[in-house]
Amino acid sequence: MESTSTTVRTKKLADTTAEVKAFSKDFHTITDEIGKIIVGNEELVRSILIAFFCGGHVLIEGLPGLGKTLLVKSLSKALGFEFKRIQFTPDLMPADIIGTQLVIEREDGRKEFKFSKGPIFANIILADEVNRATPKTQSALLEAMGEHQVTVAGNTNVLEEPFFVLATQNPIEMEGTYPLPEAQMDRFFFKLNVPYPSHTALRDILSQTTTSESYEIKTVFPKERALKRVLDMRRLVRDVLMSSEVQEYIVNIVMATQPENRRDTGNLSSELREYANRYISYGTSPRGGQAIVLAAKATALLDDRINVSFEDVDRVVVAALNHRILVNFEAEADKVTTHDILKKAMNALGPKE
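Residues numbered from 1 in each chain as written. Predicted model: local features only at pLDDT ≥ 70, side-chain atom pairs only at ≥ 80, totals over all residues. Heavy atoms only, no water.

Caption draft 1: Up close: the side chain of Gln169. Looking at where Gln169 falls in the secondary structure, it is placed in strand β8 (residues 164-169). Relative accessible area serves as the criterion here: at 8%, Gln169 is assigned to the buried category. In terms of polar contacts, Gln169 uses its side chain to reach the side chain of Glu61, at 3.0 Å. (Helix = DSSP H or I, 4+ residues; strand = E, 2+ residues; numbered from the N terminus. Buried < 20%, exposed > 50% of the residue type's maximum accessible area, 1.4 Å probe, protein only. Polar contact = N/O pair within 3.5 Å; in protein donor to acceptor, adjacent residues only side chain to side chain.)

Here you go:
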């Protein structure tokens, strides 16, 4: 007769398998809905959704007119959450984002302060051209991202979950901008580039957007259970298993981005140590390693697995770390990018066949 403990383990395994399949199914349903409007950016949509279900925020760079705003609107529509867009400009003040205290007169003639919420009080925020605002205004946004709350006049106001920020930067207009400091860039889970559409994708975009035919995105989750479903999916991401070998691989990649005078070199090869010393001023923080772990776990779920592989890690390393490494002048002179540094580390540290 089968023991009770064996029966329980079998039931838990069956429940977990069902959860994994449900995660993958819902994820792909969302991408399919967004794909009705967004053409040719499947990998970008996938990466943004991975960050969303890992509880992180995303910074994207792309030329004007590539559909960044439409992408975020489509995401909020598919998920069924409130969306707001904040256009960052040099004269934007912190109060324009988080809100301010207003003086109102009551019916009895007495006056009192009332907090008027800013546009940050929404589930999905598009911070458009975030590098156009002053550092003080940028800090107000980044504080909300990190703490999921804002403080005005000594009162703390909690932001409603899920809270997801997608910030954009225009890479071709740098005059009059305030680039995000490296320490603040670290707040973003992923940094992604919006690629220019391919020949086929551009043809589809023109055909789809210049006719009277319209495409309607359907909300994937019923409104009454949308929040619970998102939180359940986020919990499942953290429950994915990771072997000690894969974890060590991630640790070594993170350590390979550190100049020698800032870290214990561990068991890295002399070639990787010399490469980091030559080209890197500052390496990634532990937060970067956390981003790799969570993103790799989500990637495993999309392949209907409850354990992380080396390939899952390789798929997310660049997006998770490319904005967390500060290269020096020698790297710029030799045209060595953060992408080159990470690829070299993965090639040297990955499993050998």
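Continuing now.
Caption draft 2: Quick look at the pattern of salt bridges. Inspection of the entire model under this criterion finds 18 salt bridges. Its salt-bridge partner being Glu61, residue Lys191 comes within 3.5 Å of it at the nearest N-O pair. Separated by 130 residues along the polypeptide, Lys191 in strand β9 (residues 190-193) and Glu61 in strand β1 (residues 58-61) bring together distant segments of the chain. Overall, the relative accessible area of 16% leaves Lys191 in the buried class. Using a relative accessible area of 18% as the deciding quantity, one classes Glu61 as buried. Across the pair Asp232 and Lys228 runs a salt bridge, and its minimum N-O distance is 2.8 Å. One end of the pair is Asp232 and the other is Lys228, both in helix α8 (residues 226-239) and 4 residues apart, which spans about a single turn. In this structure Lys228 comes out as exposed when scored by relative accessible area, which is 56%. Each of Glu19, Arg235 and Asp239 takes part in salt bridges that share partners, so that together they form one network. (Salt bridge = Lys/Arg side-chain N within 4 Å of Asp/Glu carboxyl O.)

Caption draft 3: Expanded view of the pairing of β8. Here β8 lies mainly inside the structure; 6 of its 6 residues are buried. The pairing of β1 with β8 spans 4 bridges and is parallel. Bridge pairing in β8 links Val58 to Leu166. Here strand β5 (residues 124-128) runs beside β8; their pairing, made up of 4 bridges, is parallel. (Pairing = 2+ DSSP bridges.)

Caption draft 4: How the structure looks around helix α11 (residues 286-302). Here α11 contains 17 residues, and its C-alpha end-to-end distance of 25 Å stays within 8% of the 24 Å for a straight helix at 1.5 Å per residue. The buried count for α11 comes to 14 of 17 residues, which makes it a mostly enclosed element. Just beyond α11, the residue with positive phi is Asp304, at close to 60°. (Expected span 1.5 Å × (residues − 1).)

Caption draft 5: Representation of the packing of helix α2 (residues 42-53) against helix α3 (residues 68-79) in the model. Packing of α2 against α3 brings their axes to within 12 Å, and their N-to-C directions diverge by 55°. Overall, the two elements α2 and α3 adopt an arrangement that is oblique. Pair α2 / α3 crosses with right-handed handedness. Here Leu44, Val45, Ile48, Leu49, Phe52 and Phe53 of α2 lie close against α3, whose contacting residues are Leu71, Leu75 and Leu79. Of the residues assigned to the contact of α2 with α3, the class counts are 9 nonpolar, no polar and no charged. (Axes fitted to C-alpha atoms, helices over the stretch in contact; angles between N-to-C directions. Parallel < 35°, antiparallel > 145°, perpendicular 65-115°, else oblique. Left-handed = near helix turned anticlockwise from the far one by under 90°. Contact = heavy atoms within 4.5 Å. Nonpolar A, V, L, I, M, F, W, Y, C, P; charged D, E, K, R; others polar.)

Caption draft 6: Layout of a nonpolar patch on the surface. Taken together, the side chains of Leu63, Tyr196, Leu202 and Leu206 make up a nonpolar region of the molecular surface, amounting to roughly 380 Å² of accessible area. Considering the arrangement of structural elements, one finds Leu63 in the loop between β1 and α3. (Patch = residues over 30% accessible without salt bridge, like charges linked within 9 Å, V, L, I, M, F, W, Y side chains within 5 Å. Areas by Shrake-Rupley, 256 points an atom, 1.4 Å probe, with all protein chains shown as cover.)

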